[in-house]
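Listed below are the residues making up each chain.
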Amino acid sequence: MTVELPARRSRMASPIAARRGLASFASAALFGCLLLLSICPSAAIAAPDLNAMSPAEIAIAHRRLRELGCAAGPSGLDTRAALREMLKRCPDPTPFLSIETGRPTTPIRRIAVDRECRVAATVSYDKTLRLWSLPDGKPLRVVRFPFAVGDEFDGLAMSPDGRWIAVGGWDARESGNTAFLWDTQAEQPVRALARFGNQVGALAYSPDGKRLAIAAGDDGIRILAMPGGEPMASDPDVSESTNGLAFGPDGSLFAASYDGYVRRYDASGARTHKVATKSGRMPYTVAVSRHGQTISVGFADSRQVEILDAATLAPVALTNSAKWADDNISRVGWDAAGRIVAGGDTGRPASPLHLFDKSGRHLRDLDPVHYLLDLQPCGDAMILSAVEPALALLQPDGVLKTLVDSDAADMRFKTGDAFRVSADGTKVRFHLGFEATAMPVLIDVAAGTVGPALGDADDLAGPVTDTLAINRSTGAVDTGRSVRPRGSGPDYSGQTLAIRPDRGGFVLGSWSSLRSYDGTGKRRWKGKLATPVGGVQLAANGSLVIVAYMDGTIRWFRWSDGAELLAVFVNRHDLRFVAWTPSGYYVGSPGAEDMFGWQFNGNWNRQADFLPATGMASSRLRRPDVIQRVIPLQDEVQAVRAADGAGKGRL
């Protein structure tokens, strides 16, 4: 039995408003045909077919692209070939449906705060930069950079005065890793500061705001003069990724890198010390005490925290935590009282934060969090992010105050009975939380409902994982017993596996990839990663791949080519849901329009626009009849044709 959703409850209007109103919306929508609501009402949101455009439409498109700064050459060359070249100079103009609840739907990866701890900036896997007021945690602004699917933000730093925000991530324009500079007063990206061949793992501003340190894998560490971005110093002698960067109060810089070394740089940027760590080989974070005399180092492969002298990097102490149950203690920080606050990954639903004195002696455990991700000083308090709570203040008395919670389900480790599907792939059962005791819900695509999962649901099954012996790290098919997943760092969520019933192939999902293999272990395709994968399934005799993503969505893909067919997001607090196809056809429960909208890119030098679904007449895109047909037919175009032939329905 499928339980219908309750009636829409009273809610405030969406806090996210379109920045430039309908005029900007109409300009960008020319290409994705959101104007289709009045021009071509039977179409969905899709990329333009240049061959089908009339000369007048091409001329209009040229004019719009020139307004966006994408033109090159004389304005009179209004040809299809010239239009194709112009489109290459701008981000993908096709609008796409995006979940926006006013809170992050994916874990916050990095936090940065100003000197006075009045404003916090966060980046997460939902590819947004968000600003929050402190200490109340109220949302101030959402910044969307132009991006393509798979882009992500990795590093973050804020100038002490709060004027400038540096963001590290993938630059779709240059197809490379970049550090961007954002001006909070102008509310626009200023420029790309530097480009790298490797992922930007960490950023840090100096206490005076005049220097910015950037770490990008084996590209090494660079120090730029700010706000101009002129190079000051660099250290290419780094062979692995650097996730930890921190300045001391005297302007010295410390770096913790996966090559097993901690490095110190003086105020001029010259490296003064490089020492190998003792308790682990993968130092992950580094934090400087408030007085600047000692530093602490957390590890991806150790339960102990190293305490080093800040001037010489000589060992001072180790925390007495070597035999603890934690998989690691990877995140570290110093509170205002000179004590070390630390946490990491335990593989359990929640684990406590640990409090140590400056000599490494364990004082007590603090409130638990679900998978600590970042920890930064914030006045007399500390600010942290985790899977749950999304954003919180650790107050001086050790009490954790939640500022922001996520509306998305916790999709970590959706394996076995925690992720069950029907044989035809139209029903999916999963838990809203990490724990097996969390409320299970059932998505019924055919019925168009989402609700509590009642009973044992014997017609649903978990993934098959034991009919082939597979090395989950490499995808190789072994002749011996199956190899269990092995972690490679604190951001490792575990490889999830599903094998076809005919043993003719399998899919692997992880924190960093979604991959399809044939029965011999040869990779067939690698999916575009929306966010990290928490679980994978196969249905319809292996012709459907169903994936649980860390952004709280369940997505369906074709086994044959990896094409996405459908996505569903469920709000874990009230079970409102929205389901949508890649072209933008959707159906939602009462009140769902408050949770999503359409993002569309302008040019590379300004943030993307967002129009909430509540701000447009989107009834032509609301197609429950298409949603009901897309999984059985495994083709969106065919689903639209079949629905049009049968006449539009409404749930």
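Each chain has its residues counted from 1, running along the sequence as written. Where totals are concerned, whole chains, interfaces and linings use all residues; where local detail is concerned, this predicted model gives features only for residues with pLDDT of at least 70, and gives and counts side-chain atom pairs only at 80 or more. Processing note: side-chain calculations cover all non-hydrogen atoms of the structure and skip hydrogens and water entirely.

**Some words on the overall build of the protein**
Part 1 of the argument: Secondary structure elements are defined from DSSP: runs of H or I of at least 4 residues count as helices, runs of E of at least 2 residues count as strands, and each element is numbered from the N terminus. When helices and strands are tallied, the protein shows five helices and 45 strands.
Part 2 of the argument: Within the span of the protein, comprising 651 residues, buried residues form 59% of the whole.
Part 3 of the argument: For the protein, the proportion of contacts with a sequence separation of at least 24, taken over those separated by at least 6, is 49%.
Part 4 of the argument: For accessible areas, the Shrake-Rupley method is used with a probe of radius 1.4 Å. Any residue's cover is judged against the shown protein chains and nothing else. As displayed, the protein has an accessible area near 25400 Å², and 50% of this comes from carbon and sulfur atoms. Think of it in three bands: residues with accessible area under 20% of the maximum for their type are buried, residues over 50% are exposed, and the middle band is partly exposed, with areas taken using a 1.4 Å probe on protein chains only. In what follows, a contact means two residues having at least one pair of non-hydrogen atoms within 4.5 Å.

**Quick look at the sheet that holds strand 26 (residues 381–388)**
Part 1 of the argument: Ordered by their spatial adjacency, seven strands build an open sheet running 22-23-24-25-26-27-28, and the pairing between neighbours is antiparallel. Because the sheet does not close on itself, it has two edges, and the strands there are strand 22 (331–334) and strand 28 (400–404). Mean inter-strand twist for the sheet, computed between neighbouring axes without regard to direction, equals 45°.
Part 2 of the argument: When DSSP finds two or more bridges between two strands, those strands count as paired. Pairing geometry for strand 25 (residues 362–378) and strand 26, over seven bridges, is antiparallel. Paired with P377 across the two strands is M382, which belongs to strand 26. For every element, the axis is a line fit to its C-alpha atoms; helices are fit only across the contacting stretch, and the angle between N-to-C directions ranges from 0 to 180 degrees.

**Overview of the packing of aromatic side chains**
Part 1 of the argument: Two rings from Phe, Tyr or Trp (for Trp, the six-membered ring) form a pair when their centres sit within 6.5 Å of each other. Planes less than 30 degrees apart are called stacked, planes more than 60 degrees apart edge-to-face, and all others tilted. Per the counting criterion, the structure on display carries nine aromatic pairs.
Part 2 of the argument: Between the aromatic rings of F506 and Y517, the centroid separation amounts to 5.0 Å while the plane-to-plane angle is 15°, which identifies the pairing as stacked. Of this pair, F506 sits in strand 35 (residues 505–509) while Y517 sits in strand 36 (residues 514–518); the two residues are eleven residues apart in sequence, bridging distant segments of the chain. The same class applies to F506 and to Y517, which are both buried.
Part 3 of the argument: With a centroid separation of 4.9 Å and 65° between ring planes, the pair formed by Y586 and F596 is classed as edge-to-face. Placement of Y586 in strand 43 (residues 586–588) and of F596 in strand 44 (residues 596–600) is noted, with a sequence separation of ten residues between them. F596 carries the same exposure label as Y586, and that label is buried.
Part 4 of the argument: An aromatic cluster is present here, built from Y125, Y371 and W511 joined pairwise through their rings.
Part 5 of the argument: The positively charged end of K274 is found above the aromatic ring belonging to Y261, 4.4 Å away from the centroid. Any Lys NZ or Arg CZ found within 6 Å of a ring centre and within 35 degrees of that ring's normal is scored as a charge over the ring.

**Re the state of the cysteines**
Part 1 of the argument: Criterion for a disulfide: a pair of cysteine sulfur atoms at a distance within 2.5 Å. Inspection of the entire model under this criterion finds one disulfide.
Part 2 of the argument: The side chain of C117 participates in a disulfide bridge whose partner is C378; the two sulfur atoms lie 1.4 Å from each other. Of this pair, C117 sits in the loop between strand 2 (108–113) and strand 3 (119–124) while C378 is found in strand 25, placing the two residues 261 residues apart along the sequence. C378 shares its class with C117; the two are buried.

**Regarding the sheet that holds strand 35**
Paired through their backbone hydrogen bonds, the strands of a sheet run either parallel or antiparallel.
Part 1 of the argument: One open sheet holds the four strands; their spatial order is 34-35-36-37, and the pairing between them is antiparallel. The sheet terminates laterally at strand 34 (496–499) and strand 37 (523–526), the two strands that pair on one side only. Direction aside, neighbouring strands of the sheet carry axes that sit 20° apart on average.
Part 2 of the argument: Where strand 36 meets strand 37, three bridges bridge the pair, whose relative direction is antiparallel. Residue pairing in the sheet places Y517 in a bridge with R523 of strand 37.

**Here we look at the nonpolar core**
Part 1 of the argument: Side-chain atoms within 4.5 Å link the members of a nonpolar core, which is a set of buried Ala, Val, Leu, Ile, Met, Phe, Trp, Tyr and Cys residues. Core analysis: the biggest nonpolar cluster contains 53 residues, and V428, F430, I443, I554, W556, L566 and F596 have the highest contact counts within it.
Part 2 of the argument: Examining the composition of this core, we find that six residues originate from one element, strand 41 (residues 564–570), more than from any other.
Part 3 of the argument: Leaving out residues up to four positions away in the same chain, I554 has contacts with M411, F419, V428, F430, I443, I546, V547, A548, L566, A567 and V568.
Part 4 of the argument: Counting 16 residues, the second-largest nonpolar core is a separate cluster that includes F196, V200, L203 and M226.

**Observations concerning helix 5 (residues 636–646)**
Part 1 of the argument: Those residues of helix 5 lying buried are E636, A639, V640 and A643. Angular distribution of buried residues about the axis of helix 5 spans 100°; they occupy a single face of the element. Along helix 5, the residues that are exposed and aim more than 90 degrees away from the buried face are R641 and G645.
Part 2 of the argument: Where helix 5 is buried, its residues meet helix 4 (624–633). This arc is taken over the directions from the axis of the helix to the C-beta atoms.

**Description of the confidence of the model for the protein**
Part 1 of the argument: For the protein, mean pLDDT is 83; residues scoring 70 or higher make up 82% of the total.
Part 2 of the argument: Scored between 0 and 100, pLDDT is the confidence that the predictor attaches to each residue. In the predicted structure, residues 1–46 sits below a pLDDT of 50 and forms 104 contacts with residues beyond four places in sequence or in another chain.
Part 3 of the argument: Counting interchain partners and residues more than four positions distant, the pLDDT-below-50 stretch residues 479–493 has 39 contacts.

**What to know about the packing of helix 4 against helix 5**
Part 1 of the argument: Look at helix 4 against helix 5: their axes get within 8 Å of each other, and the N-to-C directions meet at 130°. When the axis of helix 4 is compared with that of helix 5, the two are oblique. The crossing of helix 4 and helix 5 is right-handed. Across the interface between the two elements, D625, V626, R629, V630 and L633 of helix 4 pack against E636, Q638, A639, V640, A642, A643 and A646 of helix 5.
Part 2 of the argument: Its residues assigned to classes, the contact of helix 4 with helix 5 comprises eight nonpolar, one polar and three charged. What sets the label is the angle itself: under 35 degrees gives roughly parallel, over 145 gives roughly antiparallel, 65 to 115 gives roughly perpendicular, and the rest give oblique. By convention the crossing between two helices is left-handed if the near helix lies anticlockwise of the far one by an angle smaller than a right angle, and right-handed if it lies clockwise. Residues were grouped as follows: Ala, Val, Leu, Ile, Met, Phe, Trp, Tyr, Cys and Pro as nonpolar; Asp, Glu, Lys and Arg as charged; and all remaining residues, including Gly, as polar.

**As for unusual backbone geometry**
The phi angle of most residues is negative, glycine excepted, and most peptide bonds adopt the trans form.
Part 1 of the argument: The step from L134 to P135 runs through a cis peptide bond, and the omega angle for that step is 10°.
Part 2 of the argument: Following the sequence through the fold, P135 ends up in the loop between strand 4 (128–133) and strand 5 (139–144).
Part 3 of the argument: The omega torsion across E388 and P389 is -5°, close enough to zero to call that bond cis.
Part 4 of the argument: In this structure, P389 sits in the loop between strand 26 and strand 27 (391–394).
Part 5 of the argument: Located in the positive-phi region is C117, a residue other than glycine, with phi close to 55°.
Part 6 of the argument: Overall, C117 belongs to the buried group, its relative accessible area being 12%.
Part 7 of the argument: With phi around 55°, Q634 is a residue other than glycine that occupies positive phi space.
Part 8 of the argument: Structurally, Q634 is set in the loop between helix 4 and helix 5.

**A short note on the side chain of D357**
Part 1 of the argument: Relative to the elements of secondary structure, D357 occurs in the loop between strand 24 (351–356) and strand 25.
Part 2 of the argument: Polar contacts involving the side chain of D357 include one to the side chain of S359, which spans 2.7 Å.
Part 3 of the argument: In this structure D357 touches I307, I340 and L363, once residues within four positions along its chain are discounted. Whenever a nitrogen or oxygen atom comes within 3.5 Å of another N or O atom, the pair is scored as a polar contact, on the condition that within protein one atom can donate a hydrogen and the other can accept it, and that pairs from neighbouring residues in sequence are kept only if both atoms are in side chains.

**Observations concerning helix 4**
Part 1 of the argument: Along helix 4, the positions that sit buried rather than exposed are P624, D625, V626, I627, V630 and I631.
Part 2 of the argument: At its buried positions, helix 4 is contacted by strand 39 (544–549), strand 40 (553–558), strand 41, strand 42 (577–580), strand 43 and helix 5.
Part 3 of the argument: Q634 sits one or two positions beyond helix 4 and adopts a positive phi of about 55°.

**What to know about the pattern of salt bridges**
Part 1 of the argument: Whenever a carboxyl oxygen of Asp or Glu lies within 4 Å of a side-chain nitrogen of Lys or Arg, that contact is scored as a salt bridge. Counting across every chain of the model gives 25 salt bridges.
Part 2 of the argument: Here D357 makes a salt bridge to R361, at a shortest N to O gap of 3.2 Å.
Part 3 of the argument: For R361, a relative accessible area of 48% gives the class partly exposed.
Part 4 of the argument: Beyond isolated ion pairs, a larger network of salt bridges with shared partners links E100, D126, R130 and R144.

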